[in-house]
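Spelled out, the chains give:
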Amino acid sequence: MGELVTVQVCEGISRNFAIDAKARVAAVVCGADALVEALRVRVGLVGAATVLAQVNAEVDGRRIRVQEAAADLGEALDRLADGLRGRIAAVTSGWTPRPWPRRVRGRGLLATVPAQGAAPRAERLLVPVSAGGPGDHPRAEIPYAAGVQDIVRRKQAGLVWCSPDAAARTMDAMDFDIHLFTDPATETDAVVYRVGPTGYRLARTAAAGPPSRPSVPLTLSPCGAPELTEPEAVDRLAAADLPFLFFAQPGTRRGRVLYRRFDGRLGLIAAAS
């Protein structure tokens, strides 16, 4: 199984850690009662005090991702292996809603705040990693890069047309706290994201009624996403100290998500026109 696991580490992380990471992930997969393949592990540093570890894989043909942050390499690897084990079990046993709020057992990209309002301060200063299930770990605080306003990463994507239920399940499987998609019932771009009180919320670029008989315990944003230029979105995110902002592109009304990366700089996900 080890030969099916590829590990990429950034400068400053030892080769021995890469070997250990490969062995630990392979051991998790060998103990799983599922077909797990295409495993890719990446380990990097965020600033001088935080290790960010991520694994992408396919479980019975379905893509999953686990992302963990910790104060040192050993803890990051422990969390990654634990999170991967829990994610495989969750995917193969059938989807169930993740708990909200997260269970707190100690300390632990992209936080979830609706575009129409800010989350409590404690939520906005924490960077979420995988949540729910046996691999759940709390969040590790990563400070924002003060004064950083430049968008350093852009991704333009052809959005998947799917139900909010399907979007929420993809969000969980991929260890995201927000997922941008197109809602076929309204033919508008939308997001599902992690926030209270149920842990799942739906927002669209145009206001619409609730989806028909969802299996996910969704709450609904009553407002459409604000129409903003990129500079306006950056200003609003910075002024409200938000970790992300869902907004619509002027003219096209296509959905966009502006977010803070682990390093505190900004990234943008935009629907392809």
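As a reminder, the structure under discussion sits directly above these lines.
Residues numbered from 1 in each chain as written. Predicted model: local features only at pLDDT ≥ 70, side-chain atom pairs only at ≥ 80, totals over all residues. Heavy atoms only, no water.

## A look at the sheet that holds strand β9 (residues 188-193)
Then, number 1: Taken in spatial order, the 4 strands make up an open sheet running β8-β9-β10-β11, and their pairing is mixed. Edge positions in the sheet fall to β8 (178-183) and β11 (218-220), since each has one partner strand and no second. For this sheet, the mean inter-axis angle between neighbouring strands, taken without regard to orientation, is 30°.
Then, number 2: In this sheet, β11 lies alongside strand β10 (residues 200-204) in parallel orientation, the contact comprising 3 bridges. (Pairing = 2+ DSSP bridges. Helix = DSSP H or I, 4+ residues; strand = E, 2+ residues; numbered from the N terminus. Axes fitted to C-alpha atoms, helices over the stretch in contact; angles between N-to-C directions.)

## Some remarks on the sheet that holds strand β1 (residues 5-9)
Then, number 1: In space, the 4 strands of this open sheet follow the order β1-β2-β3-β4, with mixed pairing throughout. Only two strands of the sheet have a single neighbouring strand rather than two, namely β1 and β4 (62-70). Taking the axes of each pair of neighbouring strands and ignoring which way they run, one obtains an average angle of 10° across the sheet.
Then, number 2: Of the strand pairs in this sheet, strand β3 (residues 50-59) and β4 are connected by 9 bridges, and their pairing is antiparallel.

## Side note on the pairing of strand β2 (residues 36-46)
Then, number 1: For β1 and β2, the ladder comprises 5 bridges, and the chain directions are parallel. If you follow valine 9 over to β2, its bridge partner there is valine 43.
Then, number 2: Read from β1 through helix α1 (residues 15-30) to β2, the crossover connection turns out left-handed.
Then, number 3: Taken together, the 9 bridges between β2 and β3 define a ladder with antiparallel strand orientation. If you follow glycine 44 over to β3, its bridge partner there is leucine 52. (Right-handed = clockwise from strand over helix to strand, strands pointing away.)

## Some words on the packing of α1 against helix α2 (residues 73-93)
Geometry of a packed helix pair, given as the angle between the helix axes and the separation of the axes.
Then, number 1: Running from amino to carboxyl end, α1 crosses α2 at an angle of 20°, the nearest separation of the two axes being 10 Å. Classified by the interaxial angle, the pair formed by α1 and α2 is roughly parallel. For α1 against α2, the interelement crossing comes out right-handed. Here Phe17, Asp20, Ala21, Arg24, Val25, Val28 and Val29 of α1 come into contact with α2, specifically with Leu73, Gly74, Leu77, Asp78, Ala81, Leu84, Arg85 and Ile88.
Then, number 2: Per-class residue counts for the contact of α1 with α2 are 10 nonpolar, 1 polar and 4 charged. (Parallel < 35°, antiparallel > 145°, perpendicular 65-115°, else oblique. Left-handed = near helix turned anticlockwise from the far one by under 90°. Contact = heavy atoms within 4.5 Å. Nonpolar A, V, L, I, M, F, W, Y, C, P; charged D, E, K, R; others polar.)

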